[in-house]
Amino acid sequence: MSGFKTLTQMVAQAQENLNRGDWDYLVGAADTEASLRRNRQAVESWTFRPRILNDVSEVSYATEFMGANMRIPVLLPPIGSVQAFEAGGGQSVAEAAAEFGILQILSSSCSPDFKTVAAAVPGPRVFQLYLTGDRAWMDHQIQQMIECGYVGLCLTADTQVYSRRERDILKGYVPASGRIAGAGDFNYQATMTWETVAHIKDKFNIPLIMKGVMHPEDANRCVEVGVDVVYVSNHGGRQLDHTRACIDMLPGVVEAVAGRVPVVVDGGFMRGADVVKGLCLGADIVGMGRFEGLAMAAGGPTALVRALEILEHEIATTMALTGVAQLSDLNPSLLERAESIQAPHVLSAFPFLCEGY
Ligand SMILES: Cc1cc2nc3c(=O)[nH]c(=O)nc-3n(C[C@H](O)[C@H](O)[C@H](O)COP(=O)(O)O)c2cc1C
């Protein structure tokens, strides 16, 4: 089903389509899932202080990122084993990203592989590489992705080791036809250091995104060693438990980066208003991981495009109602903290779900 009218319907459809194992893999997180709930709690506790009497008859939110035209300031983050939600996997996401007009970061931990996706769907696209081999293996992968035309390389720094996800552990769950992270030679991820970054920047001419930055000092160091995009993320709460929420780390990171490179944030962003909050706090682009997975589960690329259309409408409406006509006018003074009005939950952005909508 992809003719849904609301994002709540999209989520309900995803829940209906997935078996319990795939559902829990998608919505679940590490240990007690506190990082996941903190992400939502923090997004929900930012409230708008709208301005009035500005002309918002033409609201514009298209932007440019890594040389790509972005119809909305949102990217599709890497989702390992996305083929568990829809058979086309990373290629289906690529099709939706190309049709709608935003950037995808393709995970190295999903199928089909990055060469197949590059050959099948025109980019631009970024490749996220998990280090599952030695230095020579890594260099070979990077060389190949450059030859395939990827516009950027993304390294994920928050996954030194694979976390404990109890929902999956209890069921012995392994995503369908996926090479689950943590299997085999995933140990190389734990050897990734600042020296790895220096090596890549020295050897390859490819923009580098560092994903999983949470500390302002690391953000500053990333810029100093030549990282091209700082990506604030706690992996959607799926790695270290009990982190601060990503949106709460964002202002400190934005201050440390001081405009030298773009800043991306993800973690708990599910609706258009959530995206606008992230932009107000200084992000250039917002990533939406479970949103992407849920839309794929609801009906593959058609559903993902439909979900993005609704998201676009929500972003446009939120901007107009906060009295802002262009992205550059979004700023922290439009927000204020307040107690969140409900218990935070992975799906608390969809309060009508339990009412059967
Ligand atoms: C099912 C699933 C698989 C993921 N796989 C990867 C991955 O392969 N590589 C990666 O860097 N991040 C991965 N992530 C993390 C996302 O890229 C993103 O950081 C996270 O989903 C953002 O939080 P959100 O789901 O609240 O939007 C995955 C997330 C989910 C939900």
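These numbers were taken from a predicted model, which means no experiment stands behind them. (Residues numbered from 1 in each chain as written. Predicted model: local features only at pLDDT ≥ 70, side-chain atom pairs only at ≥ 80, totals over all residues. Heavy atoms only, no water.)

S.K.: Sorry if this is basic, but what is going on with the overall build of the protein chain here?
M.R.: Of regular secondary structure, the protein chain possesses 12 helices and 12 strands. Here the C-alpha radius of gyration of the protein chain, 19 Å, is about what a compact globule of 357 residues would show, namely 21 Å. When the backbone C-alpha atoms are referred to their principal axes, the protein chain occupies close to 60 × 45 × 40 Å. For the protein chain, the proportion of its 357 residues judged to be buried stands at 56%. A sequence separation of at least 24 residues applies to 75% of the contacts in the protein chain between residues at least 6 apart. (Helix = DSSP H or I, 4+ residues; strand = E, 2+ residues; numbered from the N terminus. Rg over C-alpha atoms; globule rule 2.2 N^0.38 Å. Buried < 20%, exposed > 50% of the residue type's maximum accessible area, 1.4 Å probe, protein only. Contact = heavy atoms within 4.5 Å.)

S.K.: Quick question: what am I supposed to make of the nonpolar core here?
M.R.: In summary, soluble globular proteins display a tendency toward joint burial of nonpolar side chains. By size, the foremost hydrophobic cluster in this structure holds 119 residues, and its most contacted members are Met10, Phe85 and Phe291. The residues touching phenylalanine 291, leaving out its near neighbours within four places in the chain, are Leu7, Met10, Met270, Leu304, Ala307, Leu308 and Leu311. (Core = buried A, V, L, I, M, F, W, Y, C linked by side-chain atoms within 4.5 Å.)

S.K.: What exactly am I supposed to notice about the sheet that holds strand β8 (residues 208–213) here?
M.R.: Two strands in a sheet stick together by hydrogen bonds in their backbones, pointing the same way (parallel) or opposite ways (antiparallel). Spatially, the eight strands line up as an open sheet ordered β4-β11-β10-β9-β8-β7-β6-β5, and their pairing is parallel. Looking along the sheet, the strands with just one partner apiece sit at the ends: β4 (74–75) and β5 (104–107). With respect to the sheet, helix α10 (residues 246–257) is in contact with β9 (229–232) and β10 (263–266), its orientation differing from that of β10 by roughly 170°. (Pairing = 2+ DSSP bridges. Axes fitted to C-alpha atoms, helices over the stretch in contact; angles between N-to-C directions.)

S.K.: What is the right way to look at the pattern of salt bridges in this model?
M.R.: Should their charged atoms come close, side chains of opposite charge can pair. Within the structure shown, the criterion is met by 15 salt bridges. Across the salt bridge formed by arginine 20 and aspartate 24, the nearest N and O atoms sit 3.1 Å from each other. Residue arginine 20 and its partner aspartate 24 are both found in helix α2 (residues 20–27); the two are separated by four residues, about one turn of the helix. Given the relative accessible area of 58%, arginine 20 is considered exposed. Among the residues examined, aspartate 24 registers a relative accessible area of 3% and is labelled buried. In this structure, arginine 71 engages glutamate 312 in a salt bridge whose closest nitrogen and oxygen atoms are separated by 2.7 Å. Of this pair, arginine 71 sits in the loop between β3 (68–70) and β4 while glutamate 312 sits in helix α12 (residues 289–321); the two residues are 241 residues apart in sequence, bridging distant segments of the chain. (Salt bridge = Lys/Arg side-chain N within 4 Å of Asp/Glu carboxyl O.)

S.K.: Sorry if this is basic, but what is going on with the packing of helix α9 (residues 216–224) against α10 here?
M.R.: Any two packed helices are characterised by how steeply their axes cross, that is the angle between the axes, and by the distance between the axes. Axis separation between α9 and α10 bottoms out at 8 Å; the angle between their running directions is 35°. By crossing handedness, the relation of α9 to α10 is classed as right-handed. Residue-level inspection shows Pro216, Ala219, Asn220 and Val223 of α9 in contact with α10, the latter providing Met249, Gly252, Val253, Ala256 and Val257. In the contact of α9 with α10, the residues fall into seven nonpolar, two polar and no charged. (Left-handed = near helix turned anticlockwise from the far one by under 90°. Nonpolar A, V, L, I, M, F, W, Y, C, P; charged D, E, K, R; others polar.)

S.K.: What should I look at first to understand the packing of aromatic side chains in this one?
M.R.: What describes a pair of aromatic rings is the distance from one ring centre to the other and the angle between the planes of the rings. Scanning all chains against the criterion turns up five aromatic pairs. Arranged with centres 4.6 Å apart and planes meeting at 35°, the rings of phenylalanine 114 and phenylalanine 127 form a pair that is tilted. Taken together, the residues phenylalanine 114 in helix α5 (residues 114–120) and phenylalanine 127 in strand β6 (residues 125–129) connect sequence positions 13 residues apart. Given the relative accessible area of 2%, phenylalanine 127 is considered buried. (Phe/Tyr/Trp six-rings, centres within 6.5 Å; stacked < 30°, edge-to-face > 60°.)

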